[in-house]
Protein chains: 2
Amino acid sequence: MADEAPFQLLHSEVIQYIYKSAEGETESGRNVTKLENIGFRVGQGLIERLTKDTARFKDELDIMKFICKDFWTCVFKKQIDNLRTNHQGIYVLQDNKFGLLSHLSVGKQYLEHAPKYLAFTCGLVRGALSNLGVKSIVTSEVSVMPSYSKKQTAEFIKLHRDSGDTNQN
Amino acid sequence: MADEAPFQLLHSEVIQYIYKSAEGETESGRNVTKLENIGFRVGQGLIERLTKDTARFKDELDIMKFICKDFWTCVFKKQIDNLRTNHQGIYVLQDNKFGLLSHLSVGKQYLEHAPKYLAFTCGLVRGALSNLGVKSIVTSEVSVMPSYSKKQTAEFIKLHRDSGDTNQN
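Values in this document were obtained by computation on a predicted structure and should not be read as measured data.

1. A word on the overall build of chain A
The helix and strand inventory of chain A stands at four helices and four strands. Counting helices and strands in the order they occur from the N terminus, chain A gives α-α-α-β-β-α-β-β. Out of the 169 residues in chain A, the part that is buried amounts to 48%. Excluding contacts between residues fewer than 6 apart, the proportion of contacts in chain A whose partners are at least 24 apart in sequence is 57%. About 8800 Å² of surface is accessible on chain A, with carbon and sulfur atoms providing 47% of the total.

2. Focus on the interface of chain B and chain A
Contacts between the two partners involve 26 residues from chain B, matched on the other side by 26 residues from chain A. Buried area between chain B and chain A, summed over both chains or domains, comes out near 2500 Å², and the portion from carbon and sulfur atoms is 71%. The largest per-residue losses of area from chain B upon contact with chain A belong to Leu-10, Tyr-17 and Arg-49 of chain B, which jointly make up 27% of the total buried on that side. Linking chain B with chain A are two salt bridges, by the criterion used here. Inspection of the region where chain B meets chain A yields two residue pairs in polar contact (both at pLDDT 80 or more). Ranked by residue count, the leading element in the side of chain B that touches chain A is helix 1 (residues 5-21) of chain B, at 11 residues. Looking at the side of chain B that touches chain A residue by residue, the classes come out as 17 nonpolar, three polar and six charged.

3. As for the packing of helix 2 (residues 28-50) of chain B against helix 3 (residues 60-76) of chain B
Residue and element names in this part refer to chain B. At a minimum axis separation of 11 Å, helix 2 and helix 3 run at an interaxial angle of 105 degrees. The pairing of helix 2 with helix 3 is recorded here as roughly perpendicular in orientation. Of helix 3, the residues touching helix 2 (which contributes Gly-43, Leu-46, Ile-47 and Leu-50) are Phe-66, Ile-67, Asp-70, Phe-71, Cys-74 and Val-75. Along the lines of polarity and charge, the residues of the contact of helix 2 with helix 3 split into eight nonpolar, one polar and one charged.

4. As for unusual backbone geometry
Phi at Lys-77 of chain A is positive, roughly 60 degrees, even though this residue is not glycine. For Lys-77 of chain A, the position within the fold is in the loop between helix 3 (60-76) and strand 1 (82-85). Lys-77 of chain A sits in the partly exposed class, given a relative accessible area of 29%. Of note, the phi angle at His-87 of chain B is positive, near 60 degrees, even though the residue is not glycine. His-87 of chain B gets classed as exposed once you look at its relative accessible area, which sits at 66%.

5. Section: the packing of aromatic side chains
All names here are of chain A. This model, assessed by the stated rule, comprises 11 aromatic pairs over all chains. Ring plane angle 65 degrees and centroid distance 5.2 Å describe the contact between Phe-57 and Phe-66, whose orientation is recorded as edge-to-face. Taking the relative accessible area as the measure of exposure, Phe-66 reaches 7% and is therefore buried. Joined through ring pairs, the aromatic side chains of Trp-72, Phe-76 and Phe-98 make up one cluster. The ring of Tyr-19 carries Lys-116 above its face, with NZ or CZ at 4.6 Å from the centroid.

Calculation rules
- Along each chain, residue indices are assigned from 1 in the same order as the chain's sequence is written.
- For naming, the first written chain is A and the first written ligand is 1, with later ones following in the order written.
- Only residues with pLDDT of 70 or above have their local features reported here, since the model is predicted, and side-chain atom pairs are shown and tallied only from 80 upward, although totals for entire chains, interfaces and linings are computed over all residues.
- Side-chain figures throughout are based on the complete set of non-hydrogen atoms in the structure, without hydrogens or water.
- We count a stretch as a helix when DSSP gives it H or I for four or more residues in a row; a strand needs E for two or more, and each element gets its number in order from the N terminus.
- Under the scheme applied here, a residue whose accessible area is under 20% of the maximum for its type counts as buried, over 50% as exposed, and between as partly exposed, the area being computed with a 1.4 Å probe on protein chains only.
- Residues are treated as being in contact if the distance between any of their heavy atoms lies within 4.5 Å.
- The Shrake-Rupley method, run with a 1.4 Å probe, gives the accessible areas here. Residue values count only the displayed protein chains as cover.
- Buried area: the accessible surface (1.4 Å probe) lost by two parts on joining, summed over both.
- Salt bridge criterion: a side-chain nitrogen from Lys or Arg within 4 Å of a carboxyl oxygen from Asp or Glu.
- Any N or O atom pair separated by 3.5 Å or less is treated as a polar contact, with the protein-specific requirement of one donor-capable and one acceptor-capable atom, and with residues adjacent in sequence counted only for side-chain atom pairs.
- Residue polarity is assigned by list, with Asp, Glu, Lys and Arg as charged and Ala, Val, Leu, Ile, Met, Phe, Trp, Tyr, Cys and Pro as nonpolar; anything else, Gly included, falls into the polar class.
- Every axis in this analysis is a line fitted to C-alpha atoms, fitted for helices over the stretch in contact. Angles between the N-to-C directions lie between 0 and 180 degrees.
- By the definition adopted for this analysis, an angle is roughly parallel if under 35 degrees, roughly antiparallel if over 145, roughly perpendicular if from 65 to 115, and oblique otherwise.
- Here a pair means two rings of Phe, Tyr or Trp (six-membered ring of Trp) with centres within 6.5 Å. Their orientation is stacked below 30 degrees between planes, edge-to-face above 60, and tilted elsewhere.
- A ring is scored as having a charge over it whenever the NZ atom of a lysine or the CZ atom of an arginine sits within 6 Å of its centre and within 35 degrees of its normal.

Set out below in structure tokens:
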């Protein structure tokens, strides 16, 4: 727990700072974008360090596996629990115990606050993929699981790979 | 290296974000204060988690040793290299290979950029001490060591304990 604590705490202070400093702005969407951009650049830097000595990736699925294992472990000290794909460019990464949400109370009424805690991570994945040459759109989804276990929150990150259109970023 | 990479990268993105978003402001001092405040709250949160199961500290020196060992290791994956004190409330913590400076080029001309990379850490220590009941003033200093080794940058954190005056924070 203590290992990822500095990162988690800094992450949540960044969210608070951004939301506080832009109180006047009506669009909460802009704050989400700011967080996403910060994540993007962290992801870019991180993937550079992590792939320094790895072999070239065979294909996109190979890249996604690296994101699920090595990349995720580096940031969140655990692997992605489940990776699904339709083999047409859509990947779903599922984390059943997502660290950056673990301090949120369980309950549907808190779900509305989830996006700001996920924006950084969406950017993180997008930045990492971008530096590996994969243009992507990363979105996230939270579903509250039954509270019989400690794994109350689940996270889905869906990666819609951008199919060739270079106008999108 | 990879272990602390997410934290280091996020830290440097936060600095860039704050300095970029406040470009109009003439005082760079305000940005340093913002970073220091973020560090303060992270330090508060962190020390709470770390001391959850520890025995009560005997005295101030005992607290400082905890900061140098457990606290520093949690954040920077290494201990403080040297702790000195005058036994009158001033402590000097020396880190010969401070992670948050390690990406800065060596050379006196870069020393002027050091304060913004140290502000967060000053706040971090101040926040931790504050939650342990020790009011303090934390300042930092960088000195460039001869470049014969990889340990080119050294950091000093001086802790001037505030002697009882409760007006200061």
